[in-house]
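# Geometric and topological summary
Residue strings, one per chain:
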Amino acid sequence: MNVHWSTPVWMWPLLLVGAAGAVLWTVRAYRQTRPAPAAGLRRTLTQLRAAVFVLLIIALAGPVLSRLLVRARPAEVALLLEDSGSMAIADAGPDSAGGRWERALAVAEAVTAALDADGRRVAPVVLRGNGLGPLVSFGLQDPVVAPPTSHGTDLAGLRSQAADRLAGRPVRATVVISDGQETVAAAQGKAAGRAAPGALFVVGVGDAAGPPDRILKELRYPDTAYAGDEVVVEFVVDHRYLDGNAAKAARRLSARLVGPDGVVADTTLTIDQKLVNLELAFRPDRPGLQAYDLEVDVLDNERFPANNRASLAINVRQERARVLLLTGRPSWDVRFLAQAAAAEQRLALTVVRPSPRGLVLADSLTAWVPPVDAAGWRDWDAVVLMGWTGLVAAVDWTELGEAVEAGLGLLVLAGGESGPGGAPQGFPPPATLAEILPVDVATWRWAPGPQFLDVAAGGAGHPLLAGVELRSDAEGGVGLRELPPLAEVGLVAPRAGAEVLLSSGPRGAVGGEQRRQPVLVVAARGQGRVGWFGGRHLWELAFWESARRTDGDDARHAGRRLLRNLLVWSASGLDESGLVFTGRQSFFQAGEPIRLGAQWRDMRGQPVRDRALNVILRTRGDASDGAAGGPSGAGADTTGEQSFAMRPSAERPGLSEVELPPLAPGRYAVQLQGAGDPPVLGPEEDLIVAAHSVEETQVRMDRRRLVQLAARGDGAFYDAGDPAEVRRLIDDLAAVAWTGDEVVQRRRLDIRLGWPLLVLVTVLLGCEWFLRRRHGLL
């Protein structure tokens, strides 16, 4: 034990003088006390008070008592067991009873028993995990050790987790026990992983050779499709571990794709190679989330038929949104609108123009007859009107207006050719058309350019402007202010209830409120929506391309993105507002974690962050029929409703997340619920959990991957199925230097701090007071 003084050396003389002065003052005070105490009592009282003063002076000097405590820690061996679902597979052979997991536990027990038998003081640390979820510690002697059920494996992540968990501990060796089957690609996980502490020993469990097996792999198919479109499912059939007789039996191959209504595509062929590339094509005929089972026939005496089957799900949409573009004459505006529609998979654009023979389809010059009633217009999801010159007499504008009231989207692009005095040809527009526009065109005329676009006061954050709003130089500097100016802009006044999203003005007026004209105006009309763009030569905006370095095509072509947004809004409205799932996966394999993310967006597309979200899970009435069977859509019967609270994401503000508990294979419905009175509900969507799991396809030990894992960590590989290999493992572990370490802790006690000094001073002063009181000196 050492004593350190925190007071500087130059203060010691002052403290000694102070201590001496306090003692002398105490002696003098008791000599002058009346009545005078007896000599013995006076000495006792003087000593008690002087001791108090001396303690206080010593405390001011700052003495610190310091001592070192040394604690020995035994060496540790880390036993790291992979616990993905493939570890529960029982392999062929006399030593496979109980499966790979039991083999892994037996190896771990053999290691700990061998180290104990040698009399070494080694503490085992037993951990289980798959690299994708948290590590879990357990004991080999626990009454119940749950079998592995995790989905997926990342061996590099498993090593990194162990390194973090065991950092700073005296781990002299790490034994990794796995079948070597990974589901995370190197680009997604950690390429090598941080090195686990100590020497590395990799033990493989499972059948290294493998029985004859036919397996489906490299499955490729579109996530979404449209009803009536051809869907192609591509896959590879691999034949593994075939001897001569098994190879002959495998020459005939049958594959089929089974949907909700039975087999939708199949093929049978004779093969002469082990690796076969195949594809099956079909045309879904109904919308909704459809689950399919892809199957190939089983080999004779094949032990693992589970990997001859795979499940997939395709979100089949009703059809592409149909957009009709009516134009008075072909132009560059029409051309770039067609290109914008082609860039949106969800849209199908039809262009109609006048000809000497009447209205015709622009691509085929086939005669086109305008609808005669509102129901006919409603065959389209949106109508885009590029001026009305040459269309006034051919179109029934009254019925078009009634179709808009019933839910049709209408977008008017008024940039046609101008006539004498700057007025548009065909001016004024038909009265019934003028009535449903979001602007008053009674006094409209062209205002000459250049007119630069800017976001109007009420347009910031509107979903229609996503990807084309202003951005700072730090964010790429690409936006409306970098677009070329409009040649002319129509002078109009927005109607009551309409939203002005874009305005324009001379260069000096951009960003200010003066001399700015409304350009893009939208409004609701009954169940439909109407938009107005009053600028000339819209194609110039789409033709422009940023020369700056930006990320993504949308950032480089803000004008083209604006055209795409206008078409999508006209056809679909603001479907992204309200309660929406973000990046939601609709199809899961058995055992796969089900993580859902969602946002509550206002009508301007901005996240609502102060309202709680729940996700409601319902079991479809046909869930027990399997992933591929039963009807789809919101009309199917649902039972067993459960609600799960979502929590705000720490990484992405405005996003809420939840992880659902493991679900049995089947079909489910999920729906978002927002806090409110009454609660706000989002649309119900399908979720499918397939009985098939990738873990079932991992029918052998991947020896090559385990050898690579050992080589990266300068370790050695051992096959648990070979008793000689297990003995070699025990011998190599015995050669490890199992030396523990010592943890040195320094303990410090500052006399000035804590209760001991206070208690001692209080006791001394209490004794002095008691003696004075007893002898009548108070």
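Look up a bit, the structure's there.
In this report, we go over the structure that sits alongside the text. (Residues numbered from 1 in each chain as written. Predicted model: local features only at pLDDT ≥ 70, side-chain atom pairs only at ≥ 80, totals over all residues. Heavy atoms only, no water.)

## Section: the pattern of salt bridges
With the rule as written, the count across this model stands at 19 salt bridges. In this structure, Arg-705 engages Glu-182 in a salt bridge whose closest nitrogen and oxygen atoms are separated by 3.0 Å. You can see Arg-705 sitting in helix H13 (residues 703–712) and its partner Glu-182 sitting in the loop between strand S6 (171–178) and strand S7 (199–204), a full 523 residues away along the chain. The shortest N-O distance in the salt bridge between Arg-220 and Glu-234 comes to 3.9 Å. Pair noted here: Arg-220 is in strand S8 (residues 213–220) and Glu-234 is in strand S10 (residues 231–240), with a separation of 14 residues, a long-range link. Put simply, Glu-182, Asp-702 and Arg-705 are held in one network by salt bridges that share partners. (Salt bridge = Lys/Arg side-chain N within 4 Å of Asp/Glu carboxyl O. Helix = DSSP H or I, 4+ residues; strand = E, 2+ residues; numbered from the N terminus.)

## Concerning the packing of helix H2 (residues 39–61) against helix H15 (residues 756–774)
Relative orientation and spacing of two packed helices are given, respectively, by the angle between their axes and the distance between those axes. The N-to-C vectors of H2 and H15 enclose an angle of 160 degrees; their axes lie 10 Å apart at closest approach. Comparing their axes, H15 and H2 come out roughly antiparallel. Note that H2 runs across H15; the crossing there is left-handed. Contacts from Leu-41, Thr-44, Leu-45, Leu-48, Arg-49, Ala-51, Val-52, Leu-55, Leu-56 and Ala-59 of H2 reach H15 at Leu-757, Leu-760, Val-761, Leu-764, Leu-765, Cys-767, Glu-768, Leu-771 and Arg-772. (Axes fitted to C-alpha atoms, helices over the stretch in contact; angles between N-to-C directions. Parallel < 35°, antiparallel > 145°, perpendicular 65-115°, else oblique. Left-handed = near helix turned anticlockwise from the far one by under 90°. Contact = heavy atoms within 4.5 Å.)

## Re the nonpolar core
If you look at the biggest cluster of nonpolar residues, it comprises 41 residues, and the most contacted ones within it are Leu-413, Leu-464, Leu-465, Leu-520, Phe-533 and Leu-567. Among the elements that line this core, the one with the most residues is helix H12 (residues 558–572), at eight residues. When neighbours within four sequence positions are excluded, Leu-567 is seen to be in contact with Val-323, Leu-337, Ala-340, Ala-341, Leu-347 and Val-384. Counting residues in hydrophobic clusters, the runner-up holds 34 residues, among them Leu-326, Leu-400, Val-439 and Trp-532. (Core = buried A, V, L, I, M, F, W, Y, C linked by side-chain atoms within 4.5 Å. Buried < 20%, exposed > 50% of the residue type's maximum accessible area, 1.4 Å probe, protein only.)

## Re the side chain of Thr-33
In this structure, Thr-33 sits in the loop between helix H1 (12–31) and H2. Classification of Thr-33 as buried rests on a relative accessible area of 13%. Here the side chain of Thr-33 touches Ala-29 through a polar contact of 2.8 Å, landing on its backbone oxygen. (Polar contact = N/O pair within 3.5 Å; in protein donor to acceptor, adjacent residues only side chain to side chain.)

## Observations regarding H2
Its 23 residues give H2 an end-to-end C-alpha distance of 33 Å, which sits within 8% of 33 Å, the value for a rise of 1.5 Å per residue. For H2, the full list of buried residues reads Leu-41, Leu-45, Thr-46, Leu-48, Ala-50, Val-52, Ile-57, Ala-59 and Ala-61. Residues of H2 that are buried sit in contact with strand S1 (2–5), H1, strand S2 (63–73) and H15. Downstream of H2 by a residue or two, Gly-62 has a phi angle that is positive, lying close to 70 degrees. (Expected span 1.5 Å × (residues − 1).)

## Observations regarding the packing of helix H6 (residues 332–342) against H12
The geometry of H6 relative to H12 is characterised by a closest axis approach of 9 Å and an angle of 75 degrees between their N-to-C directions. Between H6 and H12, the angle falls in the class roughly perpendicular. Counting all contacts with H6, which are made through Phe-336, Leu-337, Ala-340 and Ala-341, the residues of H12 involved are Arg-560, Leu-563, Arg-564 and Leu-567. For the contact of H6 with H12, a count of residues per class yields six nonpolar, no polar and two charged. (Nonpolar A, V, L, I, M, F, W, Y, C, P; charged D, E, K, R; others polar.)

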